[in-house]
Amino acid sequence: MNFIESILLNLSIYDFILIITLVVLWHYKWKGYKSLPFFFEFILSITILEVIVQVYWKVNFKTNLFIFTFIAMLSIGYYFYVYYDYFKSKKWSKIIRVAFLIWVILSLYLYNFDLYNRTNFEPLPYFFGISVVAILIFKYGYNLVFIDEFREITKDPVLYISLGIILFYVSSFTHMLFINELLTGYTLDQKFSDLITYTNIFISLGYLGAALCSKK
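Here the residue index of a chain counts from 1 through its sequence in written order. Under the rules for a predicted model, residues below a pLDDT of 70 receive no local features and side-chain atom pairs below 80 are neither given nor counted, while totals for whole chains, interfaces and linings still include all residues. Hydrogens are left out, water is left out, and the side-chain values use all remaining heavy atoms of the structure.

Participant: What should I look at first to understand the overall build of the protein chain in this one?
Facilitator: Secondary structure elements follow DSSP: runs of H or I of four or more residues count as helices, runs of E of two or more count as strands, with numbering from the N terminus. Regarding its fold elements, the protein chain presents nine helices and zero strands. Listing the helices and strands of the protein chain from first to last along the sequence gives α-α-α-α-α-α-α-α-α. Whether a residue is buried, partly exposed or exposed follows from its accessible area with a 1.4 Å probe, protein chains only, as a fraction of its type maximum: under 20%, in between, or over 50%, in that order. The buried share of the protein chain, reckoned over its 216 residues, is 43%. Contacts are assigned to residue pairs that have any heavy atoms within 4.5 Å of one another. In the protein chain, the proportion of contacts linking residues at least 24 apart, taken out of those at least 6 apart, comes to 72%.

Participant: It is not clear to me how the nonpolar core should be interpreted in this structure. Could you clarify?
Facilitator: Generally speaking, soluble globular proteins have nonpolar side chains that are buried together. As used here, the term nonpolar core means buried Ala, Val, Leu, Ile, Met, Phe, Trp, Tyr and Cys residues forming a set that is joined through side-chain atoms within 4.5 Å. Core analysis: the largest hydrophobic core is formed by 52 residues, its most contacted members being F39, Y79, Y83 and Y207. At the level of secondary structure, the elements contributing two or more residues to this core comprise α2 (13-30), α3 (39-61), α4 (65-87), α5 (94-111), α6 (123-147), α7 (157-177) and α9 (186-212). No other element matches α4, which puts eleven residues into this core.

Participant: What is the right way to look at a nonpolar patch on the surface in this model?
Facilitator: A residue counts toward a patch only above 30% relative accessible area and without a salt bridge, and it is joined to like-charged neighbours within 9 Å or, for Val, Leu, Ile, Met, Phe, Trp and Tyr, to nonpolar neighbours within 5 Å. Exposure was quantified through the Shrake-Rupley algorithm and a 1.4 Å probe, taking into account, for residues, occlusion by the shown protein chains and nothing else. What counts as a salt bridge is simple: a side-chain nitrogen of Lys or Arg found within 4 Å of a carboxyl oxygen of Asp or Glu. A contiguous nonpolar surface patch, about 460 Å² in accessible area, is contributed by Y142, V145, F146 and I147. Assignment of secondary structure puts V145 in helix α6. Classification of V145 as exposed rests on a relative accessible area of 61%.

Below you can see the structure in the form of structure tokens.
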């Protein structure tokens, strides 16, 4: 089996939606449309890591834990950026910067610069980051309903990415908490992979919705 065949056999629904999102953003980019800041670059990076690099890593090193962790951290970092950019005019926005700094320090400390050689996933940095992002999403929703002036929210890309993240957060919280227990044994590992695939669909659909909201 060659590498291309390996990629095709390992593509999930989540991956297909990512690819469609990338194509949509590429099309809109050439037409001069804009979406979230650096959204195209983020989706391009995530797609390459998910579709190509992760398969290569799994084939050659029998595990994709390193890439899985890297994708998770890259995603959390981008989410922090999106909501900081959205709330940057607020006086309290510096709290987001402080939380981001804590998250970076926590990640560096717990991974101890030895991510490549790790044999298990350290969930604490991910949980801390995604939980702070979830709080920011609830704040976004509160502002949307009670504070902000009326606007056509169906054309707001932050709405779609927020829905995707919060649905993922709610549906995956429990099994992500016990990720290392789930990764012991082939049967549990397959169930875990299925859970990750299904819950990731929420995020990928959020990305696609945000991409379709691109505008001039």
